Each structure stands twice: as C-alpha cells, then as structure tokens.
Amino acid sequence: MQRRDALKLGGLVASMPLISNVTALNLMADELNTGLIKNGKVLTGAHWGMLEVDVKDGKIIGSKPYQKTSEIYNPLQYYTQDMVYKTRVKYPMVRKSYLENPDDPKPELRGKDEWVRVKYEDAIKLVANELKKTRKQKGNTAVFAGSYGWKSSGNVHNSRILLHRFMNLSGGFVGSLGDYSTAASQIIMPHVVGSIEVYEQQTSWPVVLESSQVVVIWGANPISTLRIAWTATDEQGFKYFEQLKKSNKKVIIIDPIRSETAQYFDKAEWIAPRPNTDVALMMGIAHYLYTNNKYDKDFIQDYTVGFDKFIPYLTGKEDGIAKDTKWASDITKISEEKIKQLAETFFNNRTMLMSGWGMQRAQYGEQPHWMLVTLACMLGQIGLEGGGFGLSYHYSNGGVPTAKGGVISGVNSASVGIFNKKGEFVGTSNGAFDKNGRFVAKTNTDNGTGQSWLQEATKYAFPVARIADALLNPGKTIDHNGNKITYPDIDFIYWVGGNPFVHHQNTNKLRKAWQKPRTIVVNEPYWTPTAKMADIVFPATTSNERNDITMTGDYSNMNIVPMKQVVEKFEESKDDYQIFSDLSKAYDEKLAIAYTDNGKTEFDWIKQYYDGAYKQVKSIPDLYTEMKPFEEFWNSNKPVTFSSTPESESWVRFGEFREDPILNALGTPSGLIEIYSETIENMNYDDCKPHPTWFEPIEWLGMKDKPAQFHMLSPHPADRLHSQLSHTSLRDKYSITDREPIWINEKDALNLGIKTGDLVRVFNERGQILAGALVTNNVSQGVVKLAEGAWYDPDKNGLCKNGCANVLALDIPTSKLANGNISHTALVNIEKFKGEAPKLTAFSNPSII
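Residues numbered from 1 in each chain as written. Predicted model: local features only at pLDDT ≥ 70, side-chain atom pairs only at ≥ 80, totals over all residues. Heavy atoms only, no water.

Moving on, we come to the overall build of the chain. When its secondary structure is counted, the chain shows 30 helices and 36 strands. Computed over its C-alpha atoms, the radius of gyration of the chain comes to 27 Å, within 12% of the 29 Å expected for a compact globule of 849 residues. With respect to the principal axes defined by its C-alpha atoms, the chain has extents near 85 × 70 × 55 Å. Counting across all 849 residues of the chain, residues that qualify as buried make up 65%. By sequence separation, contacts in the chain at least 24 residues apart represent 75% of the contacts at least 6 residues apart. Total accessible area computed for the chain in this model is approximately 30800 Å², and 47% of it derives from carbon and sulfur atoms. Charged side chains in the chain number 96 positive and 98 negative. The centres of these two groups are separated by 4 Å. (Helix = DSSP H or I, 4+ residues; strand = E, 2+ residues; numbered from the N terminus. Rg over C-alpha atoms; globule rule 2.2 N^0.38 Å. Buried < 20%, exposed > 50% of the residue type's maximum accessible area, 1.4 Å probe, protein only. Contact = heavy atoms within 4.5 Å. Areas by Shrake-Rupley, 256 points an atom, 1.4 Å probe, with all protein chains shown as cover. Lys, Arg positive; Asp, Glu negative; His and termini not counted. Charge placed at Lys NZ, Arg CZ, Asp CG, Glu CD.)

This is the structure we're talking about:
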C-alpha cells in the first residue's frame with residue numbers, strides 16, 4: 001500500500017530521465033518499510049509447490065513444503081537458498097567484442113569472449129538503440145522474442161509475457177508455435193478428437209479409483225513429473241496415485257525404463273518394448289482384437305469415422321503387411337503371448353490408458369497418441385466411468401477435481417504499438433492516450449496464466465523446435481499442418497525465462513546457428529549456458545526477491561497463494577517488469593506509460609488480479625470460502641483454499657460426447673473421433689498418412705545398419721525441473737563422479753567393462769559428452785537413460801563435460817504435420833573414459849573484466 005501511495009509523489013520520478021516510474025518508485029519503497037521478514041517463516045509458491053521459507057537475519061536458511069498431502073517425497077522443495085545465492089549473475093554484463101562494436105560483434109566468440117560489467121542505465125540504452133537499429137535496417141521480422149521455457153511461477157512477473165508485451169508495444173516481433181513437450185500431439189489431437197487434449201482436464205481421479213479395473217501407465221513417470229506444475233503444484237496427484245497403489249487394482253506399466261513410477265508400483269507388471277515402437281505394439285493389440293471380433297462395433301459406428309479405411313492397413317490388404325501380433329512382436333520384442341494377453345485384459349476390464357508424452361517426442365511422434373485413441377475406440381470405453389484414455393495424468397495433477405471458486409488473471413501481452421511518422425509512440429491497436437496523457441486501453445483477453453506460447457505471436461511464427469533450422473536457413477519454406485511457413489531473417493534475439501542451450505536438440509547445430517544473429521539479449525538470474533552464449537545479460541531477480549501471486553493446481557485451481565518477497569534483491573538484480581518498463585521508457589517516453597498501464601507497480605497488479613477473483617467468489621451464491629479482502633489475505637501469510645464439488649468429482653472426459661454425440665459434437669470436421677482424417681489426407685504428406693501408421697524411425701534398435709549401439713532415452717529428470725535446480729546442492733545427491741548419471745543395463749555394462757561410478761564417454765556423429773555410469777536392471781538391455789536438463793559445459797574440443805543429453809540428440813522434425821522435436825530418437829555409443837577427468841565448469845562464472 002505504501003508503494004501505491006508513492007505514486008502520488010512525482011519529484012523523484014521527474015528527476016530521473018532514464019529510469020522508469022516503476023524503477024523510481026521501487027527505489028523509494030526500499031527507503032520505506034518493505035515489509036520483509038528478517039527472522040521467521042514466509043509463504044511463497046514455486047513450480048514444486050507451496051513453500052514455507054525460513055529466514056534468519058535477512059537470509060534464507062532453508063525451506064520445506066507448506067503442507068503435505070501424501071507420503072511421496074518431493075526433494076525439489078528444500079533448496080530455495082541455493083536458488084537465491086548460487087551461480088548468480090550479479091551485474092549487467094556485455095560481451096567484450098559486442099561492447100566494442102555492436103555492428104561487428106564477432107558472434108563466433110559467443111561463449112568464449114570476456115564479459116564487461118556495465119551500468120544498468122547504459123545496458124538499457126544499448127538494448128533500446130540496437131533494437132531500434134535492427135527494426136530500421138531489417139524490419140520487425142528480424143526480431144525474435146524466444147522466451148520458451150518454464151519461467152518462474154507468478155502471474156505478475158511472468159517474464160515471457162512481459163517480454164512479449166514490450167515487443168508488441170515497441171513494434172512487433174517474430175514468435176514461435178507449439179512447445180518442446182507436446183508439439184506432435186497438440187497438432188494431431190485436434191484433427192482426431194477436436195481438442196489439444198495434452199493440456200485438458202482428465203476424468204476425475206475419484207471416478208478412476210471407483211470404476212477403473214485396470215490402469216495402464218504407458219510411457220509416463222508421474223511419481224517424478226508430478227513434483228512440478230506449470231503454476232505451482234497442488235500435489236494432489238501424489239495422493240491419488242498413493243490411493244491407486246493401496247487399492248490393489250491391476251496396474252500395468254509400459255516403458256523401456258523401469259522408472260521411479262514403476263519402482264513405486266512394485267507389484268505392477270512392467271512391460272519394456274523397444275523405444276519408439278509403441279505404435280507397433282498398439283497395432284498388434286488392435287489386430288488381435290479385430291480378428292477375434294473383440295471390439296466395440298457400436299462405439300465405432302456411433303462415435304467415430306474412418307475405421308473402415310484404417311482396417312485395410314491394419315490387416316495388410318493395403319500394403320501386404322498384416323500388423324498382427326507376430327509382426328508387432330518382431331518390432332517391439334514383446335512376446336506374442338504377452339501382446340494377446342494385453343488385448344484380452346484391456347477388452348475384458350474397464351481400462352484407463354494413461355499415456356505420457358515421451359512417446360510423441362520421437363520421429364513420427366504424431367502417430368502414438370493417434371493410435372492410442374484408435375485402440376481406445378475399439379475398446380469402446382471412451383466417455384464411460386474409469387475407461388478411455390488420458391494424456392495428462394502425469395502433468396500438473398491432471399484428473400484432480402476442479403475446485404469451485406475464484407481464478408486470478410495475469411499480465412497480458414498487450415497489442416501492437418502504433419508510431420507516427422516521426423517515430424513517436426502514439427498508442428496501440430487496442431488503445432490510445434486521453435487528453436490528460438493517460439493510456440486508456442480496451443480489455444485484452446489474454447490473461448497470461450495458461451500455455452500462452454501455444455498461440456501464434458505473429459503471422460511469421462514458426463514451430464519452436466525449428467529455431468536452429470530457422471536461424472541457419474532464412475527464407476526457407478517448410479510445410480506445417482497444411483500451411484507453408486517461410487523463415488524470417490532473424491538478427492536480434494531476446495530470450496527470457498528459458499535455457500535453449502539445454503533444451504534444444506543437437507546442441508552443436510544450435511551453437512552454429514546461434515552465431516548468425518547480430519544481437520542476443522538475455523534476462524537471467526543465473527550464469528546458465530544460454531546466458532554465457534549471449535551478448536547482453538540483465539541480472540534478473542528470482543521469485544524469492546519480489547512479490548507476486550499464483551494459484552496451485554493447473555486443473556484444480558485449489559489455492560490462491562501469496563508469493564511474498566522473501567529477501568532483498570541479489571546484488572544489482574532487477575525484476576523483469578522493471579527491466580522492460582525501463583526499456584519501454586528508453587525506447588519512447590509514452591510507451592512506458594502504456595507498458596505499465598499508467599505506472600502500476602507489482603502490488604497494483606497483484607491486488608487487481610486478487611480483487612478480480614474475490615469478485616468472482618462473492619458473485620457465487622452459497623459458496624463457502626474464507627476468502628478475505630486483499631489486505632487481510634496478504635497480511636495473513638496463508639493461501640486461500642477452494643473445494644471441489646460433487647459435479648467435478650464425478651466428471652468423465654468425453655462423457656457429454658458419449659451421452660449425445662450430436663448435441664455435444666467434437667471440434668473435428670465430422671464432429672466425431674476421426675480415425676481417418678480427410679483433412680490430413682488433403683495435405684498429402686509422405687510422413688503423416690491420413691490414418692495411424694507405423695513408420696520405421698531414422699535411428700532405432702531394429703534397423704539393419706545401426707550408426708551406434710544403444711538407444712538413448714532422455715526423459716524429464718527426477719531431481720530437477722528440466723535445467724532448473726541443476727546448480728543447487730541437490731545435485732550432490734544424484735550426480736556420479738560429479739557428472740550427470742547414465743543408466744546402463746547390467747549385461748551391457750559387463751560387456752563394456754563398465755561399473756557404477758566409472759566416468760564414461762557417450763558419443764555419436766553429432767557430439768560427445770561425459771557421464772557417470774549407474775549400472776542397473778531398471779533399464780532394458782540395449783537402452784540407456786540420460787535425463788535431459790544437465791547444463792551444457794563444452795571443452796575446447798566440443799566435449800560436454802557435464803552430460804547434456806541434447807548434444808547427442810537429432811534435430812529433425814517429427815513430420816511435416818507438426819514439426820515437433822524427436823529427442824527420444826537417438827542412438828549412441830558408450831566407452832569407459834580414459835585419462836584425467838576434465839574440470840567441470842558448468843556452474844562457474846565466465847571470464848569477467
């Protein structure tokens with residue numbers, strides 16, 4: 001409230017020509033009572049849950065979960081102090097060669113050059129000037145606002161939306177389509193079931209526990225991945241998986257890796273097919289069901305289209321190859337007897353097919369979930385209690401009943417700015433200035449709380465996993481979901497809230513592509529590989545150094561959580577909101593007024609979003625909740641909790657569709673589930689047919705002339721959020737020989753002369769990395785597991801000393817339909833490392849002048 005009152009004081013603002021109103025007011029507030037707790041416990045939120053943070057003498061000394069919902073341990077919740085104090089960027093930094101001459105910045109020295117500490121004001125002016133220069137010389141399509149990644153929790157300090165808001169207002173930018181997690185499925189599923197599906201609510205867990213007789217966890221690892229959520233996890237998914245285990249229902253786990261989930265369900269049946277062969281396994285099951293007349297003809301007739309066009313392919317009439325159990329067994333290395341047994345089990349029991357996303361992060365990744373839906377249609381249980389399929393039980397606690405209450409909104413990405421002939425900002429396509437000089441805008445419906453990167457930022461947007469291809473090939477035209485996309489000539493990249501040098505495939509190819517643009521700017525709290533490969537770095541605050549607000553439960557909307565500032569800002573770190581407010585002011589005086597909506601501070605936004613939810617709650621008759629006015633809520637240091645309803649607890653996905661497929665038609669052209677898609681048929685793609693199809697991957701264990709010996713799977717890590725937390729002391733608990741661990745089957749390790757604790761070189765034609773060997777029977781023979789997310793740490797010969805899996809991954813698209821990444825399609829070789837182990841520098845500061 002004191003910060004809001006400070007808006008009335010204009011003298012300090014007027015005396016600071018560069019720094020924005022937001023910055024000036026924050027400086028003023030620091031002289032007043034900030035409300036920071038110097039000794040005690042502070043409630044905040046993170047992707048890994050609501051946290052109670054212990055503070056002593058103004059320093060974080062520890063953290064723990066605010067509340068426990070199950071006995072399943074979440075190790076991510078105990079390292080908040082490392083997130084604030086380790087591997088931080090302390091000051092605004094500019095790469096030496098870039099600072100000397102931005103027009104000849106020697107991009108080949110990115111990652112090698114020295115860094116120069118500069119004044120914040122100078123860095124702001126430099127970015128504003130170079131952005132203007134890029135737009136003047138090459139146009140807005142030369143500006144790419146990447147910002148893909150798991151930005152911090154919080155609806156105000158949403159770094160990606162804040163970046164897009166600035167770029168939109170200052171003139172526009174090139175955005176990206178899709179994401180790395182579900183690119184293939186989020187394109188194919190609308191053609192099949194009329195919705196994106198991978199981010200949709202699932203059949204309610206209470207229904208599953210009551211009605212499902214068999215639960216199949218297919219290519220998912222929820223005991224690991226439910227440690228996090230897009231907003232902040234409500235951890236209710238753990239509770240329900242715990243109840244599933246205690247229920248003694250039949251659980252089948254299909255995965256080449258005996259994951260943390262398979263180990264948790266110690267009595268479950270573990271089936272380990274060859275990687276990338278899930279489609280063949282599903283087709284073998286489907287062929288058995290069809291030829292034995294054990295499928296639901298009525299469901300096929302009433303709720304689907306195209307089954308009759310798929311059957312000739314399944315039976316082999318189309319291509320002479322019957323997709324029977326023998327065919328499937330030869331490909332998957334699962335016995336015919338087991339495939340038949342699975343078919344019988346699925347058909348004779350109410351079966352819930354819980355699928356993960358790993359199977360679609362492979363070449364031809366559009367096919368697995370399409371075929372999964374087709375198999376579920378044959379079982380005829382879609383829309384019934386406890387039956388059908390679900391694609392997000394493993395993500396953000398899908399299936400947890402949705403609570404009835406208020407939902408907070410978030411900062412929006414604004415509309416495109418309009419400039420006059422003099423180059424002065426005069427307003428936006430969504431608003432202008434009134435006679436008093438205040439910016440007046442219409443309501444923008446993008447609240448920034450969802451998967452906003454799924455929306456097309458501009459008409460020049462291209463699939464996010466094609467970033468290296470786009471940088472290397474400006475002007476190239478690609479096919480994408482029935483359209484043509486031409487890559488722009490990108491010369492200016494601004495990246496926030498992400499770490500592309502860890503999450504993009506074929507890192508050496510990306511490194512080459514990263515040398516093409518003239519300017520790369522990064523807002524980053526830590527010296528990540530991406531920060532080290534930039535030209536200009538602004539030190540950004542972590543979520544523990546600012547105030548914000550979030551909700552827990554992406555599907556449940558269970559809690560509204562005050563994300564209170566825990567400690568002072570680290571060194572010269574600044575909030576992304578402040579950085580972009582200042583950039584707006586440096587770009588044009590009036591633009592800053594529009595960006596901040598007439599000078600709003602973080603508390604103005606927080607209160608606005610909370611008050612909106614409070615108004616929603618008060619408008620619901622007979623809703624019992626202890627939701628208080630904002631001031632009481634904020635001062636209480638407690639979350640607001642909402643409860644589920646009988647309706648949400650009994651909700652069944654596709655239940656309304658099953659009840660009446662005409663009144664509740666799906667979003668497909670036919671309104672039904674499309675096993676055969678005429679829309680895709682008209683695209684005439686050779687790598688995505690109009691029905692589910694088995695394609696042989698470019699690299700897999702069944703190929704005749706393998707370029708390498710082992711199939712590498714790089715799933716989500718159990719002890720990180722992708723690359724987040726990688727630099728914390730949690731790493732000490734899982735690293736081997738101070739490197740990323742690689743799981744190797746016992747028989748394979750014996751043949752290689754490798755034992756647990758050995759340092760090994762993992763390599764293929766794309767690159768090489770070092771890893772620590774973990775010899776185990778929890779991975780299939782011929783398969784190795786190297787979790788993604790380890791920070792890229794190359795030596796002078798290109799050897800990643802820290803075990804970044806994407807150095808070894810392929811960077812080609814899933815198909816012309818979705819252009820997703822294929823990180824799980826990769827063969828590698830392994831050998832025991834000889835010689836002295838190189839020093840790890842992944843978490844060290846670069847050379848600084």
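All right, on to the sheet that holds strand β2 (residues 49-56) then. Pairing in this open sheet of three strands is antiparallel, and the strands run β1-β2-β3 from one edge to the other. Edge positions in the open sheet fall to β1 (40-46) and β3 (59-65), since each of these has one partner strand only. Sheet twist, expressed as the average angle between the axes of neighbouring strands with direction ignored, equals 30 degrees. Both β2 and β3 contribute to a ladder of six bridges, which runs antiparallel. What sits directly across from Glu 52, in β3, is Lys 64. (Pairing = 2+ DSSP bridges. Axes fitted to C-alpha atoms, helices over the stretch in contact; angles between N-to-C directions.)

To continue, consider helix α15 (residues 307-315). Residues Phe 307, Phe 310, Ile 311, Tyr 313 and Leu 314 constitute the buried set of α15. When α15 is viewed along its axis, its buried side chains cluster within an angular range of 165 degrees and face the same direction. Buried residues belonging to α15 abut α13 (278-291), α14 (297-303), β11 (304-305) and α18 (366-379). Directly beyond the C-terminal end of α15, a positive phi value near 95 degrees is found at Gly 316. (Arc of directions from axis to C-beta.)

With that out of the way, let us pick up the UniProt feature "domain: Molybdopterin oxidoreductase N-terminal" (unreviewed entry) in the chain. Within this structure's numbering, the places UniProt gives as "domain: Molybdopterin oxidoreductase N-terminal" (unreviewed entry) are residues 44-85. Its end C-alpha atoms 17 Å apart, residues 44-85 is made of 14% helix and 43% strand. (UniProt positions renumbered as here; feature names shortened; annotations may be inferred.)

We now examine the pairing of strand β25 (residues 548-552). Among the five residues of β25, five are classified as buried, and the element is accordingly described as predominantly covered. The two faces of β25 match: Asp 548, Thr 550 and Thr 552 on one face and Ile 549 and Met 551 on the other face are all buried. Sheet topology note: the β25/strand β26 (residues 559-563) ladder contains five bridges and is antiparallel. Looking across to β26, one finds that Thr 552 is bridged to Asn 559. Counted between consecutive antiparallel strands, the loop separating β25 from β26 contains six residues, among which Gly 553 sits at a positive phi close to 90 degrees.

Below, the discussion takes up the nonpolar core. Formed by 105 residues in total, the largest nonpolar core has its most connected members in Trp 218, Ile 285, Phe 346, Phe 389 and Ile 673. Counting 58 residues, the second largest nonpolar core, distinct from the first, contains Leu 163, Phe 173, Ile 536 and Trp 605. (Core = buried A, V, L, I, M, F, W, Y, C linked by side-chain atoms within 4.5 Å.)

Another aspect to go through is the confidence of the model for the chain. This prediction gives the chain a mean pLDDT of 93; 94% of its residues lie at or above 70. Low confidence marks residues 1-34, where pLDDT is under 50. Its contacts with residues over four positions away, or in another chain, come to 51 contacts. A low-confidence stretch, residues 443-457 stays under pLDDT 50, and its non-local contacts, those more than four residues away or across chains, total 43 contacts. (pLDDT = per-residue confidence, 0-100.)

Pairing is antiparallel across the open sheet formed by three strands, whose spatial order is β25-β26-β27. Looking along the sheet, the strands with just one partner apiece sit at the ends: β25 and β27 (640-641). When β26 meets β27, the two strands line up antiparallel, connected through two bridges. By the bridge assignment for β27, Asn 559 is matched with Thr 641. Running over the sheet, helix α25 (residues 602-618) touches β25, β26 and β27 and is turned about 35 degrees from β25.

Right, let's get into the packing of aromatic side chains. Any aromatic ring pair is given by two values, namely how distant the centres are and how the planes are angled relative to each other. Summed over all chains, the structure comprises 47 aromatic pairs. On the basis of an interplanar angle of 70 degrees and a centroid distance of 5.6 Å, the ring pair of Phe 419 and Phe 425 is categorised as edge-to-face. A residue is classified by how much of its surface remains accessible, and Phe 425, at 1% relative accessible area, is buried. Put simply, the rings of Phe 166, Phe 419, Phe 425, Phe 433, Phe 439, Tyr 494, Phe 580 and Tyr 587 touch in pairs and so form one group of aromatic residues. Here the basic side chain of Arg 117 rests over the ring of Tyr 91, its NZ or CZ set 3.5 Å away from the ring centre. Directly above the aromatic system of Phe 433 lies the positively charged group of Lys 590, at a separation of 5.1 Å from the ring centroid. (Phe/Tyr/Trp six-rings, centres within 6.5 Å; stacked < 30°, edge-to-face > 60°. Lys NZ or Arg CZ within 6 Å of the ring centre and 35° of its normal.)

Glancing now at the domain arrangement of the chain. If you check the domain split of the chain, you get domain 1 (40-85), domain 2 (93-178 + 406-643), domain 3 (188-401 + 652-683) and domain 4 (710-832). Between the C-alpha centres of domain 1 and domain 2 there is a distance of 26 Å. Taken together, the contact pairs 19 residues of domain 1 with 22 residues of domain 2. When domain 1 packs against domain 2, the two sides together hide about 1600 Å² of surface, and 62% of this comes from carbon and sulfur. Summed over the shared surface of domain 1 and domain 2, the result is zero salt bridges. Between the two partners, domain 1 and domain 2, sit six residue pairs in polar contact (both at pLDDT 80 or more). Listed by contribution, the elements that provide at least two residues to the side of domain 1 that touches domain 2 are β1, β2, β3 and α4 (80-85). The element best represented in the side of domain 1 that touches domain 2 is β1, accounting for six residues. (Domains from an automatic or database assignment. Buried area = accessible area lost by both parts, 1.4 Å probe. Salt bridge = Lys/Arg side-chain N within 4 Å of Asp/Glu carboxyl O. Polar contact = N/O pair within 3.5 Å; in protein donor to acceptor, adjacent residues only side chain to side chain.)

On to the packing of α13 against α18. The contact between α13 and α18 brings their axes to 9 Å, and the two run at 20 degrees. As the angle between them shows, α13 and α18 are arranged roughly parallel. Remark: the crossing between α13 and α18 carries left-handed chirality. Residues Val 279, Met 282, Met 283, Ile 285, Ala 286, Leu 289 and Tyr 290 of α13 lie in contact with α18, whose contacting residues are Gln 367, Pro 368, Met 371, Leu 372, Leu 375, Met 378 and Leu 379. Of the residues that constitute the contact of α13 with α18, the class distribution is 13 nonpolar, one polar and no charged. (Parallel < 35°, antiparallel > 145°, perpendicular 65-115°, else oblique. Left-handed = near helix turned anticlockwise from the far one by under 90°. Nonpolar A, V, L, I, M, F, W, Y, C, P; charged D, E, K, R; others polar.)

Our focus in this paragraph is the pattern of salt bridges. This model, assessed by the stated rule, comprises 44 salt bridges. Its salt-bridge partner being Asp 811, residue Arg 466 comes within 3.1 Å of it at the nearest N-O pair. A residue pair is termed long-range when its members are at least 10 positions apart, and Arg 466 in the loop between β19 (462-463) and α19 (467-472) and Asp 811 in the loop between β35 (799-800) and β36 (827-832) qualify at 345 residues. Exposure class is identical for Arg 466 and Asp 811. Each is buried. Here Asp 687 makes a salt bridge to Lys 816, at a shortest N to O gap of 3.7 Å.

Turning our attention to unusual backbone geometry. A positive phi angle is found at Asn 506, which is not glycine, with a value near 55 degrees. For Asn 506, the position within the fold is in the loop between α20 (500-503) and α21 (507-513).

Following the criterion strictly, the structure yields nine cavities of 30 Å³ or more and no others. Space inside the second largest cavity adds up to approximately 120 Å³. The wall of the second largest cavity is formed by 15 residues, among which Asn 276, Val 279, Gln 363, Tyr 364 and Pro 368 lie closest to the centre. Of all the elements in the fold, those that place two or more residues in the lining of the second largest cavity are α13 and α18. (1 Å grid on protein atoms, 1.4 Å probe; cavity = no way out; pocket = protein on both sides within 12 Å on 5 of 7 lines; lining within 4 Å. Points joined across faces, edges and corners; volume = space filled by probe spheres on them.)

Moving on, we get to the pairing of strand β32 (residues 759-764). For β32, a buried count of six out of six residues is recorded, marking the element as mostly surrounded by other parts of the structure. Side-chain alternation along β32 places Leu 759, Arg 761 and Phe 763 on one buried face and Val 760, Val 762 and Asn 764 on a second face that is also buried. Strand direction decides the pairing type here: β32 and strand β33 (residues 767-776), joined by six bridges, are antiparallel. What sits directly across from Phe 763, in β33, is Gln 768.

Tracing the backbone through its elements, the reader meets Leu 384 in the loop between α18 and β13 (388-390). Here the alpha-carbon distance between Leu 384 and Ser 212, two residues 172 residues apart in the chain, equals 9.7 Å. Excluding anything up to four places from it in sequence, Leu 384 contacts Arg 350, Val 652 and Arg 658.

Summarising the element assignment, Gly 475 is placed in the loop between α19 and β20 (477-480). Once the C-alpha coordinates of Gly 475 and Tyr 487 are considered, the two residues, twelve residues apart in sequence, prove to be 5.1 Å apart. Once residues lying within four places of it in the same chain are set aside, the contact partners of Gly 475 are Thr 486 and Tyr 487.

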